[in-house]
Amino acid sequence: MNMSLLPEEKKLLLFPVISFTASEKYAEHLSAGKFTDLVLSFFMNTFHQDEEFISNALNAANFSEYLESSIDEFFTNICTNFNINECDILLFGISSFYCFIEENFTGPIKQSTDDSMLKCLLRLKPVDSPNVLREVKANIIAHLSSNDNSISCCTHEPILLLLSKLVFRWCPNSVTKDWWMLRSLYIHQLLLPDPSPSIHEKLITLMAKLDQEVPVFHDSKLNALFLLEKIQIHLQLYSEISKAQSFMDILLKDLQLQANLIGKLGRRTKFQERDIAQLTLNVNSGGKLSERSLNYFCACFPKDQKLDDEVRLPNIQFTEECQNDSLDEIQQAAVLAIFVLTKKSKPKDKLQFEELSPYLNYLLSDPKVWSFHLTTLLFRSLLEAESSRTVERSITQIQSLITDLESLDPQPVQRLPFVFCSFMSPKWVLDGHLAKLLVEVGAIQSALDIYQHLQMWEEIVACYNYLKLRHKAAEVIRQEMAKQETVQLWCLLGDATDDETCYQKAWELSNCKSSKAQKHWALYYFTRKQYKESIPHLQKSLELNCLQISLWFNLGFACLIHENWESSASAFRRYCSLEPDSFEAWNNLAKAYIKLGQKDRAWRALQEAVKCNYDNWKVWDNLMAVSTDCADFHEVIRCYHRILDLKGKHTDTEVLRILVNALSNNSMQGDMIALTKQAVKLFGRLTSMVLNNSEIWTLYASVTQLSEEESDEKLQKIAQYYQKAQRIKASETNWEAFVDQCKDMIKLCLNLAEAQKQCSKCLPDLQATQHLNSAKLVLKSVAAKIKKSQTDVFGEMNKDLLNEMQNLKNEIDTIDNLLRKYVNT
């Protein structure tokens, strides 16, 4: 593959500000980071020379479709007629894109969405601008949205995103256009509330294509940057942990970066008298800083709100200062990505803050990139929101970040570097986080004001439900519907009023294309445990949007309850492919496979389940049961040991019985010796915990008998185990009244007698007679007790026990004969 990457194109991928020599007339705007001026200047020199195009675009029934259909022809014409090269067009697209990022992500962000850029680009007159502007913007938003997956109403200047996407798609010869298109699709998805299947498909295609293109650039910085952006896409958009982890492994190897949690002595509270171990991050950069450093400078960073608590210190005070390597910008991006990957792959428990905060503390200690610092502070705020001692700082910090996004300092262009690997979210997402925290601390009205400004109707309904004002929620929705009916509002009205017909109206309003309408309809039934009724709506919603991860789980569960095993297995398979870290899903998938008779597949599913939740004994118990059915007895023993680790005690005599029978029947053949040793160890551990189970001691004796060891000690152990089993059995209440238990006792006594006979052969005469006498007494005692209980008034023994009692009598006679021999000698 022969690809020529211009130095300017390479620099533009890394930094938004360069001296772009191929475009001298726009170099001044670009070098100063004045992207708005550059976009307007390009329009003045090109688009505004084509009066017919502007007029037709404004008068078209669908502005976006007209713009999309004519952009290829238009750019071809201006390149020919006005001597504009393709580098200028790419530069226009990038500038439009950065303008959109500034307006919605990095700031300074205006309070109102007046869309002044759209007004300037289309040269709208003040007289007719309000109506035309409203119609054009609504058309652009509809174009960037799907049936029920609309970009936020808070989006500023969506025309800039639309233009940049069209330009990136058009540029035929730029070797970086695919990368810019990838970035634009990533940003586009961030604007949508739900994953879009079409965007997902395009992202996957572009990443596969760039996998072939980027290595040809022969640039370590670009390779690392591309890996970082892929990791971000998989994590932030789709939570695809395994894919992100594979790219992370490659990235850390290329960067020679090591970031590990270690313990150092330090103090966390003001009144702590002695140092104890605290988690911190140990970073080793591999000595590659000088090769990759980009000398990026930022005048100021978002303000870090200090913790003001009467007990806790603002930061951990370590006894010795942590000696960490200073990282360059790309290495810091890697640490930030490690944090997000760890956060998404770890369970949300009490240890989460302790494991994650060292990454954030490290990044906050050495700020280099504005976007990294902002997202790090946001992540810390979301972590600290879980603690009553830090929730106040969390709220104050997010309020401060929102203010920083609206401030004029630093310069807008200083906020843009590395924004595509910073895990930044649109500004209104920060507003949503703030409102959620306000709800959690009880400031419902303040949260409602924010939600109403953002038009987040689902959250508004949730707030009113929290206040037990469902009627108010319905009232607010109806007021909004009076302005314009939408699919979402009809669905929310159904949720607020429990009126099923609202979902039908939402479905009809979407021309039977809304996955959201079907989703709400399905959940209406699902939450009422009407699983059979919810299944067709779940299926239809997923047919329209297959990336609704939670619905795949709901569908699998509904089919599981309804005993539709094939559909349940299919749904859980899909869920596990999208969310591979859910042990519940793997466990349920295994159950569906078992019901289908596919035990091998169930076994593999349960293997994944225990990976996801290593500390849930019930999952290990399920895996043990399936492993038993599959005759994988090595796995059975491993599972039993793990259950004992977790529970301390666990009795499953059925599994143990099958294990011993398999060993007795030599079903494992060549593997039998090693497996028998493992089984003996398992029973040894189990009997130290479970002391009062007769069958376990019996099985312990049986498996010990199978071991290859031949010694007097082994024979004594076998006799001892049978003796313990018999004593426990004899201590059970009223066992002699039941025929089956009598038969079990007789069988156990016969085994005990045989073990004592074998043991007596290797003992001195005195000890041998003691063992035989002990066995004889046990047999006679049992025989007498059974005879007394199982003999009727006519003196006749229960017919079902005649053979067993005769065997018992014969064994007593045999022992008598042996004892006489010892006496005679």
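Procedures and definitions
- Residues numbered from 1 in each chain as written.
- Predicted model: local features only at pLDDT ≥ 70, side-chain atom pairs only at ≥ 80, totals over all residues.
- Heavy atoms only, no water.
- Helix = DSSP H or I, 4+ residues; strand = E, 2+ residues; numbered from the N terminus.
- Buried < 20%, exposed > 50% of the residue type's maximum accessible area, 1.4 Å probe, protein only.
- Phe/Tyr/Trp six-rings, centres within 6.5 Å; stacked < 30°, edge-to-face > 60°.
- Lys NZ or Arg CZ within 6 Å of the ring centre and 35° of its normal.
- Expected span 1.5 Å × (residues − 1).
- Contact = heavy atoms within 4.5 Å.
- Pairing = 2+ DSSP bridges.
- Axes fitted to C-alpha atoms, helices over the stretch in contact; angles between N-to-C directions.

An unreviewed UniProt entry lists the protein chain under the name Tetratricopeptide repeat protein 27, with Parthenolecanium corni as the source organism.

Student: Explain the environment of leucine 378 to me, please; I cannot follow it from the model alone.
Tutor: Positionally, leucine 378 belongs in helix α17 (residues 370-384). Its relative accessible area of 7% is what places leucine 378 among the buried residues. Taking the C-alpha atoms as reference, leucine 378 lies 9.2 Å from histidine 433; in sequence the two are 55 residues apart.

Student: Would you explain the packing of aromatic side chains in this entry?
Tutor: Both the distance between ring centres and the angle between the ring planes are used here to describe each pair of aromatic rings. For the coordinates displayed, the defined rule picks out 23 aromatic pairs. On the numbers, 6.3 Å between centres and 90 degrees between planes, the contact of tryptophan 180 with phenylalanine 420 is edge-to-face. Taken together, the positions of tryptophan 180 in helix α10 (residues 177-191) and phenylalanine 420 in the loop between α18 (391-406) and α19 (427-440) put the pair 240 residues apart, joining distant regions of the chain. Both residues of the pair, tryptophan 180 and phenylalanine 420, count as buried. Aromatic side chains phenylalanine 553 and phenylalanine 572 sit 5.4 Å apart centroid to centroid with 80 degrees between the ring planes, which places their arrangement in the edge-to-face category. Within this pair, whereas phenylalanine 553 is found in helix α27 (residues 549-561), its partner phenylalanine 572 is found in helix α28 (residues 565-578), the two being separated by 19 residues in sequence. An aromatic cluster is present here, built from Phe35, Phe97, Tyr98, Phe168, Trp180 and Phe420 joined pairwise through their rings. Against the face of tryptophan 180 rests arginine 183, its NZ or CZ located 4.7 Å from the ring centre.

Student: What should I look at first to understand α27 in this one?
Tutor: Taking 1.5 Å of rise per residue, 13 residues should cover 18 Å, and α27 covers 19 Å from first to last C-alpha, within 8% of that figure. All of the buried residues in α27 are Leu551, Trp552, Asn554, Leu555, Gly556, Ala558, Cys559 and Leu560. If you follow the buried residues of α27, they end up packed against α25 (515-526), α26 (531-544), α28 and α29 (583-595). One or two residues past the end of α27 sits glutamate 563, with phi positive at roughly 65 degrees.

Student: Mind showing me how you'd approach the pairing of strand β2 (residues 276-284) here?
Tutor: Within a regular strand, the side chains alternate between the two sheet faces. Examined bridge by bridge, strand β1 (residues 258-269) and β2 share nine bridges and lie antiparallel to one another. The residue of β2 that forms the bridge with lysine 264 is glutamine 278.

Student: So what exactly am I meant to see when it comes to the sheet that holds strand β3 (residues 312-318) here?
Tutor: Picture the strands of a sheet paired through backbone hydrogen bonds; they go either parallel or antiparallel. Pairing is antiparallel across the open sheet formed by three strands, whose spatial order is β2-β1-β3. Looking at which strands have only one partner, the edges of the open sheet turn out to be β2 and β3. Within this sheet the neighbouring strands show an average axis-to-axis angle of 45 degrees, counted without direction. In the sheet, β1 pairs with β3 via three bridges, with the strands oriented antiparallel. Along β3, the bridge assignment pairs threonine 269 with arginine 312. Contacting β1 and β2, helix α16 (residues 352-365) crosses the sheet at an angle of about 50 degrees to β2.

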